[in-house]
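Summary of the model geometry
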Amino acid sequence: MPRTVSPFTATTLGSPRIGPNRELKRAVESYWAGRTDQANLKSVAADLRKLTWTELTAAGLDSVPVNTFSYYDQMLDTAILLGALPVRYNAVSDELDRYFAAARGNAEVAPLEMTKWFDTNYHYIVPELGPDTTFSLNPVKVLSELKEAQDAGVPGRPVIVGPLTFLALSKAVDGGSKPIERLGEVLPLYVELLRKLADAGAAWVQIDEPILVTDALDDAAGLADQAYTTLGATTNRPAIFVASYFGALADALPALARTPIEAIGVDLVYGAEQAVGAVPELADKLLVAGVVDGRNIWRTDLQGALKTLTALRQSAKSVAVSTSCSTLHVPYSLTPEAALDDALRSWLAFGSEKVVEVATLARALREGREAVAVAFDEANAALASRISDPRLHNADVRTRLASILASGHGRGSADARRESQNARLNLPALPTTTIGSYPQTVEIRKARAGLVTGEIDQAEYTSRMKAEVESVIRLQERLGIDVLVHGEPERNDMVQYFAEQLEGFFATANGWVQSYGSRCVRPPILYGDVARPTPMTVDWAAYAQSLTDKPVKGMLTGPVTILAWSFVRDDQPLATSANQVALAIRDETVDLQDAGIAIIQVDEPALRELLPLRRRDKSAYLDWAVSSFKLSTSGVSDSTQIHTHLCYSEFGEVIGAIADLDADVTSVEAARSHMEIVGDLTAAGFANSIGPGVYDIHSPRVPDTGEIADGLRAALAAVGPERLWVNPDCGLKTRKTDEVEAALRNMVEAAKQVRAEA
Ligand code: GLN
Ligand code: ZN
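Presented here is a report on the structure given in the accompanying data block. Computed from a prediction, not measured in an experiment: that's the story for all the values here.

1. Notes on the overall build of the protein
Along its length, the protein carries 26 helices and 21 strands. Viewed in the frame of its principal axes, the protein has a C-alpha envelope of about 80 × 60 × 50 Å. Buried residues in the protein amount to 59% of all 758 residues. Here the analysis covers contacts within the protein between residues at least 6 apart in sequence; of these, 77% occur between residues at least 24 apart. As presented, the protein carries roughly 28700 Å² of accessible surface, and 52% of it is formed by carbon and sulfur atoms. Separation between the mean location of the 73 positive side-chain charges and that of the 98 negative ones in the protein comes to 2 Å.

2. Considerations on the coordination of the zinc ion (ligand 2)
Note on the zinc ion (ligand 2): its protein donors are His-645 (NE2), Cys-647 (SG) and Cys-730 (SG). The metal-donor distances range over 2.0 to 2.4 Å. Coordination at the zinc ion (ligand 2) is tetrahedral: its 4 donor atoms span angles of 87 to 125° at the metal. Ordering the donors of the zinc ion (ligand 2) by residue number gives the pattern H-x1-C-x82-C. Of this pair, His-645 sits in strand E19 (residues 641–646) while Cys-730 sits in the loop between helix H25 (705–719) and helix H26 (737–757), and the two are 85 residues apart along the sequence.

3. Observations concerning the sheet that holds strand E8 (residues 239–243)
Strand order in the open sheet formed by 7 strands is E1-E5-E7-E8-E9-E10-E11, with parallel pairing between adjacent strands. Looking at the sheet topology across the chains shown, the edges are occupied by strand E1 (64–66) and strand E11 (318–323). On average, each strand axis in the sheet is inclined to that of its neighbour by 30°, with strand direction left out of account. Of the pairings in the sheet, the one linking E1 to strand E5 (residues 156–161) comprises 3 bridges and is parallel in character.

4. A word on the packing of aromatic side chains
Scanning the model with the defined rule gives 16 aromatic pairs in all. Between Tyr-31 and Phe-100, the aromatic rings sit 6.1 Å apart at their centres with planes inclined by 45°, giving tilted as the arrangement. Linking Tyr-31 in helix H1 (residues 23–32) with Phe-100 in helix H4 (residues 95–104), this pair joins segments that are 69 residues apart in sequence. Just as Tyr-31 is buried, Phe-100 falls in that class too. In this structure an aromatic cluster arises from ring pairing among Tyr-31, Trp-32, Phe-69, Tyr-71, Tyr-72, Tyr-99 and Phe-100. Between the NZ or CZ atom of Arg-49 and the centre of the ring of Phe-69, over which it lies, the distance is 4.8 Å. Geometry around Trp-32 places Arg-104 over its ring, the cationic atom sitting 3.6 Å from the centre.

5. Comments concerning the pattern of salt bridges
Applying the stated criterion across every chain yields a total of 44 salt bridges. For Arg-237, the salt bridge goes to Glu-262, with nearest N and O atoms at 2.8 Å. Residue Arg-237 is found in the loop between helix H8 (220–232) and E8, and its partner Glu-262 is found in the loop between helix H9 (252–257) and strand E9 (263–267); the two are separated by 25 residues along the sequence. Of the residues examined, Glu-262 reaches a relative accessible area of 15% and is grouped as buried.

6. Focus: the nonpolar core
Leu-164, Phe-166, Leu-212 and Leu-361 are the most contacted members of the largest nonpolar core, which has 102 residues in total. The element best represented in this core is helix H7 (residues 183–199), accounting for 9 residues.

7. Quick word on unusual backbone geometry
At Asn-67, a residue that is not glycine, the phi angle is positive and equals roughly 75°. Here Asn-67 is to be found in the loop between E1 and helix H3 (74–81). With relative accessibility at 15%, the residue Asn-67 sits in the buried group. Even without a glycine there, the phi angle at Phe-246 is positive, about 85°. Position of Phe-246 relative to the elements: it lies in the loop between E8 and H9. With relative accessibility at 5%, the residue Phe-246 sits in the buried group.

8. Considering H26
Here H26 spans 31 Å end to end across 21 residues, near enough to the 30 Å set by a 1.5 Å rise per residue. Among the residues of H26, Glu-739, Val-740, Ala-743, Leu-744, Asn-746, Met-747, Val-748, Ala-750, Ala-751 and Val-754 are the ones counted as buried. Residues of H26 that are buried make contact with helix H17 (458–479) and H25.

9. A closer look at the sheet that holds E19
What holds strands together in a sheet is hydrogen bonding between their backbones, with the strands either parallel or antiparallel. Here 5 strands make up an open sheet; going across it, the order is E16-E18-E19-E20-E21 and the pairing parallel. Two strands close off the open sheet at either side, each with one partner strand: strand E16 (553–557) and strand E21 (689–692). Between one strand axis and the next, the sheet turns through 20° on average, direction left out of account. For E16 and strand E18 (residues 599–603), the ladder comprises 5 bridges, and the chain directions are parallel. When the bridges of E18 are listed, Gly-554 appears paired with Ile-600.

Cut-offs and rules
- Numbering of residues starts from 1 in each chain and follows the order in which that chain's sequence is written.
- Chains and ligands are labelled sequentially in the order written, the chains with letters from A and the ligands with numbers from 1.
- The predicted origin of the model limits local features to residues at a pLDDT of at least 70 and limits the giving and counting of side-chain atom pairs to 80 or more, whereas totals for whole chains, interfaces and linings rest on all residues.
- Heavy atoms from the whole structure form the basis of all side-chain values; hydrogens and water molecules are not counted.
- Helix and strand labels come from DSSP, where a helix needs a run of H or I of at least four residues and a strand needs a run of E of at least two; each type is numbered from the N terminus.
- Each residue is placed in one exposure class: buried if its accessible area under a 1.4 Å probe, protein chains only, is under 20% of its type's maximum, exposed if it is over 50%, and partly exposed if it falls in between.
- By the convention used here, residues are in contact when the closest approach between their heavy atoms is within 4.5 Å.
- Each accessible area is a Shrake-Rupley result for a 1.4 Å probe, and residues are judged covered by the shown protein chains and nothing else.
- Within this scheme the basic residues Lys and Arg register as positive and the acidic residues Asp and Glu register as negative, but His and the chain ends are omitted.
- Charge positions come from single atoms, namely NZ of Lys, CZ of Arg, CG of Asp or CD of Glu.
- Because water is not among the atoms used, a metal site may look incomplete, as its donors are only the N, O and S atoms within 2.8 Å, or 3.2 Å for Na, K and Ca.
- For a four-donor site, all angles between 85 and 135 degrees give tetrahedral; for four or six donors, opposite pairs above 155 degrees with the remaining angles between 65 and 115 give square planar or octahedral; all remaining cases count as irregular.
- If DSSP finds at least two bridges between two strands, the strands pair.
- Here, axes are lines fitted to C-alpha atoms. For helices the fit covers the stretch in contact, and angles between N-to-C directions go from 0 to 180 degrees.
- Only the six-membered ring of Trp is used, alongside the rings of Phe and Tyr, when aromatic pairs are assigned; centres must lie within 6.5 Å, and planes under 30 degrees apart are stacked while those over 60 apart are edge-to-face, with the rest tilted.
- Two limits define a charge over a ring: the Lys NZ or Arg CZ must be within 6 Å of the ring centre, and within 35 degrees of the ring normal.
- By salt bridge we mean one thing: a side-chain nitrogen of Lys or Arg within 4 Å of a carboxyl oxygen of Asp or Glu.
- The term nonpolar core refers to a set of buried residues drawn from Ala, Val, Leu, Ile, Met, Phe, Trp, Tyr and Cys, joined through side-chain atoms within 4.5 Å.
- A helix's residues, less one, multiplied by 1.5 Å, set its expected span.

Structure, rendered in structure tokens:
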């Protein structure tokens, strides 16, 4: 047991780390490019840590997370903490270079895999655990960051990814046992770490166990009990705070509460339903109440939150105020957003503002609402202005939506559609196509930057983009591709491009959020009812079609993906917002059809990302996701062919939903899974056409004709020639033009060979 420590009252679970102006991104990338040295990179990192701690302390937090900084990712940091990096990286002698080799690979070794962190758009590095993996404690990073904080006079609380979450999110390789079965091997390392942290003077430690809000563990309560009974029994340790986030703990809450830990963190925004009051064992714990939304950008209803906090005081020994999760998922600060109107601005809270909300609530809890009356009045006024803002309620949109939903909006039967599309399009068997984007060349980027700085005007920009479209059309004609695309040169991003043209969205000036490693995204904010003032893509599609006799696909992003990659309003169900976006996309498909476009692709690469963490919520999600997609694609006639594109390799739980989308043609990532998806989709009842990606566009490698043909033969065995399309795995925007040309030439040749055999 720890020596008696006093509970803290105000904290956050973690902070953004990329830098308020993406300083870490720049420093890391210039280190990778060999333009700066390690000393420079390390000093940028130390400055950023200090900046974060100073801000948190100044805001009034009395416990400050440390070790939430990362050069790349916290799961990779944890693999290193536990000495669990695969041996193939040992060849890299420098420590930091070894770390980056595991994250991104180098000329000799492949990187570790990367995947989405729970239901967020952050990607973590997936540790590999095999029979050869041995664990050994390597606490240098956490100890040195703790020391750095202590030297700066900061009440630092080391944060580490917990054993259950680490193991559950790792993957077994080389026939190794299921990672979670290795709990007994890693717990002693956590015990040793706790002792070291205590010796280093840490009063508290935060152990993150978000896996406990999912159904990923067979016996979450039992495992929580095992892990934290063991860690709690450590003699000479800091007080233990187990943090959960992204949902409710369910039966892991009483299980954790029965172990000898000192504090439990609960997410009361995304797990508002959890019955904290029903757990008597909390009576001698500190409850860390996540009442400030850490992953969305809306200002907190302080009054409502205070009410929750006050009630919680009955259930726990003491209550601390916190963000619901790390603010890693939101931008740093509202300060740079000078272009927002006052109303919009008053509705928002980014990372810095959230921390101030936490401190304000902690003070209100301590001294009463009167002590912070000004802040409460401001929050109430903002809330009232948001509720009554006319931009949140577009009667036209709501009426139209209701009437389309009420009248039913299905298309004809799949067979009827196929017949009229075949007659109209007259395509060969195994038609060839691409997924949409062509390489984003230096010239394209230059023109886009020039337009922003005013160096070139809109007319000049448009004419350069048209030239690019023409060259992509000519390239596809030369290659002999059957269904062409315009290449998407005019799109900065497949979501932002639409958000910029739709009412109800706005873009931030500096709202960058880490997506993975040094990659940041700037999600648009969906705040009001969505409407489409004018067509968004029709001119480009019509121009491309005017250049060729072959069909050109119209190219749109689907409603689920637009939602997934935006910050979304929290005052109505996601399904309602999805339907509004779907209506705008539906109008666009009709305009494309009227402009003579015969094939329209509506991409949904994020369908799987929004899948709820708990099994019982999944079918309700898939129902609205599928119906919003169908709403967006069912306004066209049977003779217009609808395609969709999905890009991830594990379809598992969404496979039935993919079939339900009922697109005429579905292209999917398949090259890395050897076409297995084709048989799986068919088994799930999918009877429409499918374009399994025949080569992996994530790699610069040019596939040869023989291997593409082999893949096609495998796919053909599962679906037959009438239903098979031939295309790459995904869009080509990250590739170089010569790679693309060579790969597509081989793809067209392979299609010809296999077509002749069929
Ligand atoms: N049409 C998009 C493109 O080709 C699809 C991108 C994606 O699937 N993420 O770039
Ligand atoms: Zn894709």
